[in-house]
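Notes for the structure review
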Number of protein chains: 2
Amino acid sequence: MSSENTELRKAGLKVTLPRVKIFNILQTTSEDHHLSAEDVYRKLLESGDDVGLATVYRVLTQFEAAGLVLRHNFEGGHAVFEMAGEEHHDHMVCTETSKVIEFYDSVIEERQRAIAEEHGYDLVDHSLILYVKPRKN
Amino acid sequence: MSSENTELRKAGLKVTLPRVKIFNILQTTSEDHHLSAEDVYRKLLESGDDVGLATVYRVLTQFEAAGLVLRHNFEGGHAVFEMAGEEHHDHMVCTETSKVIEFYDSVIEERQRAIAEEHGYDLVDHSLILYVKPRKN
DNA sequence: CTCCCTGCAAATCCTTTGCACATGT
DNA sequence: ACATGTGCAAAGGATTTGCAGGGAG
């Protein structure tokens, strides 16, 4: 029994076919593991699985609520999802190729916390996206 | 002739009533100057101006293209617009009150540039939003 | 007078919901 | 069995677009 079953149960979700399939797609899509609901849906169809788009949205939302998955609003228009790894990271999006690069910077992380505090707040979460283009020398 | 006329002309836009009105609303709404298209639309109606919501969207998009206005995608769902001031800043949004606070931090700005560069890119733009909640001691 | 602009309504896009049926445990 | 989950189609909210009439230069 693959480990996703335990993950799902732990989240209080029945282990159903759509959920397992979607979980696996999110895990195994390595290239760009930032998928939109449509992307996931398309991959399901390609695999010959008959899952409704509505279910994909429902499942992704449940996964997000369970902390298994992160939802990002990159450009606006549509959201993308990625497996919630252990370590936090931010994103850099190439404006020409749409390539997404992940990075982590402790200096920035720390400054964010400090800034929130200076204003009398606690930092709950943050969203940092760098829009970049290939360097030309 | 108020200066917005020149601004509009400079952007290659005819000086029409809806555009001037919207420009003014964006300038004079001081409290929270982050308005959604609906917000602007509502304010127009309140002022007794008969402008269509579609026009509000069109004008805001034109203003954005002209660099007069910035569009932000805070929570997702709807966008908010603000006058493009001279100095850049980022945003902090309170998760409980929805209050928006602007801030600028040179350390973060610099790190962002450096990080993009380390990856062989030039920083074109960025979006940083801190989600915070009031500090409880 | 000629284009650019606007209002209105219909169209799109992404996402959510209602409902009757199907399925895990 | 019983509660949950699912598919389908319809509903929703935000934003865009087509079109015919209106207004700036």
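Anyway, here's the lowdown on the structure attached to this text. (Residues numbered from 1 in each chain as written. Chains lettered and ligands numbered in written order. Predicted model: local features only at pLDDT ≥ 70, side-chain atom pairs only at ≥ 80, totals over all residues. Heavy atoms only, no water.)

Examining the interface of chain A and chain B
Listed per partner, the contact involves 35 residues of chain A and 35 residues of chain B. Considering only the side of chain A, the residues that lose the most area to chain B are A:Tyr121, A:Asp122 and A:Arg135, jointly responsible for 21% of the buried surface there. Linking chain A to chain B there are 4 salt bridges. With its nearest N and O atoms 3.1 Å apart, the salt bridge here joins B:Asp122 to A:Arg135. Counting across the interface, chain A meets chain B through 16 residue pairs in polar contact (both at pLDDT 80 or more). Those elements that provide at least two residues to the side of chain A that touches chain B are strand S2 (69-76), strand S4 (90-94), strand S5 (100-103), helix H5 (106-118) and strand S6 (121-134) of chain A. Looking at which element gives the most residues to the side of chain A that touches chain B, the answer is S6(A), with 14 residues. A per-class count over the side of chain A that touches chain B returns 17 nonpolar, 8 polar and 10 charged. Sheet topology places S6(A) next to strand S6 (residues 121-134) of chain B; 13 bridges connect them, and they run antiparallel. By the bridge assignment for S6(B), A:His126 is matched with B:Leu130. (Contact = heavy atoms within 4.5 Å. Buried area = accessible area lost by both parts, 1.4 Å probe. Salt bridge = Lys/Arg side-chain N within 4 Å of Asp/Glu carboxyl O. Polar contact = N/O pair within 3.5 Å; in protein donor to acceptor, adjacent residues only side chain to side chain. Helix = DSSP H or I, 4+ residues; strand = E, 2+ residues; numbered from the N terminus. Nonpolar A, V, L, I, M, F, W, Y, C, P; charged D, E, K, R; others polar. Pairing = 2+ DSSP bridges.)

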